[in-house]
Amino acid sequence: MVIFNPTRRVAILFAFIPLIALYLIYNFKLHLFINSISTWPTQRQIVTEISTFARHKLFPWTIKVDAEKEAEEEEEAAAELALSGRQPFTRHIVAVGDLHGDLPNARRVLRFANVIDEFGDWSGEVDFFVQTGDIIDRGDDTVMLFLWMDKLRGQAAAVGDTVLTHLGNHEWMNAIGDWRYVYPSELKTFGTIAARQRMLSSGRIGRSWRKNYTTASRLPLHPSIGPPNTPYPPSLFSFGIQKDDDGLQFRHGHDEDDPLSHAAISFVHGGLSPSYPELSPFPTRINEISDSLLEKLQDRKQPPPHPPNPYPGLPSSATPEESRLYNANGPLWYRGWAMGDEATVCAHVDDVLAKTGTRRMVMGHTPDFRNIKSRCNGKIIIIDTGISHAYGGVLSALSIHYTLTPIGDDHSNRWYEKEVVSALYVDRQEILVTNEREITGSFFHDNV
Ligand SMILES: *[C@@H]1O[C@H](CO)[C@@H](O)[C@H](O)[C@H]1NC(C)=O
């Protein structure tokens, strides 16, 4: 056919426009931009509906068969959802402050906090137990307490739970040879001064300090930021998805937009001073310095203890960082968070939380003999209540319940996050702070 009339040529061209439009819509899936289109029934659905309606009218007994089939399909869908990773997640943490040589009181506390059973063994009821240091001095049960901590650590690990223990300023004092708070009755439990020195350096307790104790911890509330003490900020080499010990996936990138990037708590004996220069990366930097200082102290010829001998001090080979770890502004002795006035303290806390990749910090060291103290709306929590009979304070433990619960259908990435921080006492519990919010993202965790 030969087209000779220009008007006809234009008319034919226009006739192709709907075809071209359909082609474009189909090819680029433009119809998906119409929001409501997903709710329109498909041709297949319409046919199925009509045929089912007709079948139910003609053969009424098929109604029951169809209902059964539908219930089965729903069950399968629920099972699939359970496998998809959007299950609720919970983590329960219990932390206890200064114990100072009092095993019976320590056992009472761990019992009412449900960390141990009635035989003093790991109960399996909490995921993490944290002790913030100062187990030694002012009481006689040093040996039994440290051996018990190791026993609990082993029992916890056997069922997938974790015990995190810390060196307090009193553990360090003893490592240095500053024995001012060692009771003569406690020294008898070791036998001799030399035996005590050996036990705390190359012996059973000293080796455990070196291997199982740190000066600071960063404890994640959710596994997506990795196992305990994953450094913040993460090193350049550890971006992307990694696997932790259990083969779980977690995102280990420095992503400030990740709603869980700071879902962690710091633990240290004294406090993380805003002007302490070794806060970052946290807690790695502090623990590196702590490891090297402890090694120097334990490996040196043990100095005769003070008193009556002169104060031995840190080894002459101690670096400036190692001296700063042990001075009044360092993590073992700092009291600013406990003693400072509310306005000053709360003005500085966010800066330290941001630097350490955490939401709150927990510490012991400065006792309040009546209460666990929460400051700046739970960003600072001081858990030393003088548990040991040496002080006669109250028996207490800090309990943190973290939950992440999926919201909506499986394709939305919405979660409800809740963290309840409470103080446990012999006869009562007090909620110190509850933080809850809705977040969006894909988070991986084992089912509960
Ligand atoms: C560290 O703790 C474990 C328990 O998990 C214990 O078996 C071990 O003896 C401790 N390490 C040292 C060096 O004492």
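Residues numbered from 1 in each chain as written. Predicted model: local features only at pLDDT ≥ 70, side-chain atom pairs only at ≥ 80, totals over all residues.

Peer 1: Please give an account of the UniProt feature "transmembrane region" (unreviewed entry) in the chain that cites residues and values.
Peer 2: As recorded in UniProt, the feature "transmembrane region" (unreviewed entry) lies at residues 12-34. In residues 12-34, helix accounts for 65% and strand for 0%; the two terminal C-alpha atoms are 30 Å from one another. (UniProt positions renumbered as here; feature names shortened; annotations may be inferred. Helix = DSSP H or I, 4+ residues; strand = E, 2+ residues; numbered from the N terminus.)

Peer 1: Explain the packing of helix α6 (residues 142-158) against helix α10 (residues 204-212) to me, using residue names and the numbers behind them.
Peer 2: Across the interface, α6 lies against α10 with an axial gap of 10 Å and an inter-helix angle of 45°. Between α6 and α10, the angle is such that the two are oblique. Once α6 is placed against α10, the crossing between them reads as left-handed. On α10, the residues that touch Phe-146, Asp-150 and Arg-153 of α6 are Ile-205, Ser-208 and Asn-212. Taken together, the residues that form the contact of α6 with α10 break down as two nonpolar, two polar and two charged. (Axes fitted to C-alpha atoms, helices over the stretch in contact; angles between N-to-C directions. Parallel < 35°, antiparallel > 145°, perpendicular 65-115°, else oblique. Left-handed = near helix turned anticlockwise from the far one by under 90°. Contact = placed C-beta atoms within 7 Å. Nonpolar A, V, L, I, M, F, W, Y, C, P; charged D, E, K, R; others polar.)

Peer 1: Talk me through the sheet that holds strand β1 (residues 89-96); I want residue IDs and the actual numbers.
Peer 2: Strand order in this open sheet of seven strands is β4-β3-β2-β1-β12-β13-β14, and the pairing throughout is mixed. What marks the edges here is a single partner per strand, and that holds for β4 (213-214) and β14 (429-440). Direction of pairing for strand β13 (residues 414-425) relative to β14: antiparallel, over a ladder of 11 bridges. Paired with Leu-424 across the two strands is Gln-429, which belongs to β14. (Pairing = 2+ DSSP bridges.)

Peer 1: If you had to explain the domain arrangement of the chain to someone new, which residues and values would you point to?
Peer 2: Structurally, the chain comprises domain 1 (42-80) and domain 2 (89-440). Distance from the C-alpha centre of domain 1 to the C-alpha centre of domain 2: 58 Å. (Domains from an automatic or database assignment.)

Peer 1: Tell me what's going on with the pairing of strand β3 (residues 162-166), and back it up with residues and numbers.
Peer 2: Of all five residues in β3, four are buried, a share of seventy percent or more. Sheet topology places strand β2 (residues 128-131) next to β3; four bridges connect them, and they run parallel. Residue pairing in the sheet places Gln-131 in a bridge with Thr-165 of β3. Between β2 and its parallel partner β3, the chain crosses via α6, and the hand of that crossover is right-handed. As defined by bridge partners, β3 adjoins β4 across two bridges and the pair is classed as parallel. Looking across to β4, one finds that Thr-165 is bridged to Tyr-213. (Buried ≥ 20, exposed ≤ 12 C-beta atoms within 10 Å, placed from the backbone. Right-handed = clockwise from strand over helix to strand, strands pointing away.)

Peer 1: Could you give an account of unusual backbone geometry, naming the residues involved and the relevant values?
Peer 2: Cis geometry marks the peptide bond from Ser-280 to Pro-281; its omega dihedral reads -10°. Looking at the element boundaries, Pro-281 is found in the loop between β8 (264-268) and α11 (284-299). Following His-306, the chain continues to Pro-307 via a peptide bond in cis, the omega torsion being -10°. Note that Pro-307 resides in the loop between α11 and α12 (320-326).

Peer 1: So what's going on with the environment of Arg-55? Residues and values would help.
Peer 2: Checked against the element boundaries, Arg-55 lands in helix α3 (residues 43-58). C-alpha separation for the pair Arg-55 and Asn-229, spaced 174 residues apart in sequence, amounts to 63 Å.

Peer 1: Hey, could you go over the pairing of β14 for me, with residue numbers and the actual values?
Peer 2: A regular strand places its side chains on the two faces of the sheet in alternate fashion. Within β14, only one of the 12 residues are buried, which leaves the element largely exposed. Hairpin remark: β13 followed by β14, antiparallel, with three residues in the connecting loop.

Peer 1: Let's hear about the nonpolar core: which residues, and what values?
Peer 2: It is characteristic of soluble globular proteins that their nonpolar side chains tend to be buried jointly. Counting 84 residues, the largest nonpolar core has Val-94, Ala-95, Phe-129, Phe-267, Val-362, Ile-381 and Leu-398 as the members making the most contacts within it. Leave out the neighbours within four places in its chain, and Ala-95 touches Val-130, Thr-132, Phe-267, Val-362, Ile-383, Ala-397 and Leu-398. (Core = buried A, V, L, I, M, F, W, Y, C linked by C-beta atoms within 7 Å.)

Peer 1: Report on the confidence of the model for the chain, specifying residues and quantitative values.
Peer 2: Here the chain shows a mean pLDDT of 89. Residues at 70 or above account for 91%. Mean pLDDT across the elements of the chain ranges from a minimum in strand β6 (residues 241-243), with 44, to a maximum in β2, with 98. The model gives residues 239-254 a pLDDT under 50, and that stretch makes 32 contacts with residues more than four places away or in other chains. (pLDDT = per-residue confidence, 0-100.)

Peer 1: Tell me about helix α7 (residues 169-176), and please be specific about residues and values.
Peer 2: α7 sits mainly inside the fold: eight of its eight residues count as buried. For α7, the complete set of buried residues consists of Asn-169, His-170, Glu-171, Trp-172, Met-173, Asn-174, Ala-175 and Ile-176. Where α7 is buried, its residues touch α9 (193-200), α10, α11 and α12. Gly-177, located one to two residues past α7, shows a positive phi value of around 105°.

Peer 1: Describe the environment of Ile-193, and please don't skip the residues or the numbers.
Peer 2: Mapping Ile-193 onto the fold places it in helix α9. Taking the C-alpha atoms as reference, Ile-193 lies 8.2 Å from Pro-305; in sequence the two are 112 residues apart. Excluding its chain neighbours within four sequence positions, the residues that come into contact with Ile-193 are Leu-187 and Pro-305.

Peer 1: So what's going on with the sheet that holds strand β5 (residues 216-220)? Which residues, and what values?
Peer 2: In a beta sheet, neighbouring strands pair by backbone hydrogen bonds and run either parallel or antiparallel. One open sheet accounts for five strands, arranged β5-β8-β9-β11-β10; its pairing is mixed. Strand pairing shows two members of the sheet lacking a second neighbour, β5 and β10 (373-375), which therefore form its edges. With direction set aside, neighbouring strand axes in the sheet form an average angle of 20°. In this sheet, strand β9 (residues 360-363) lies alongside β8 in parallel orientation, the contact comprising four bridges. If you follow Val-268 over to β9, its bridge partner there is Met-363.

Peer 1: Mind laying out α9, listing which residues take part and the relevant values?
Peer 2: For α9, the complete set of buried residues consists of Arg-196, Gln-197 and Leu-200. All buried residues of α9 project into a common sector of 100° when viewed along the axis, lining one side. Buried positions along α9 lie against α7, α8 (184-190) and α10. (Arc of directions from axis to C-beta.)

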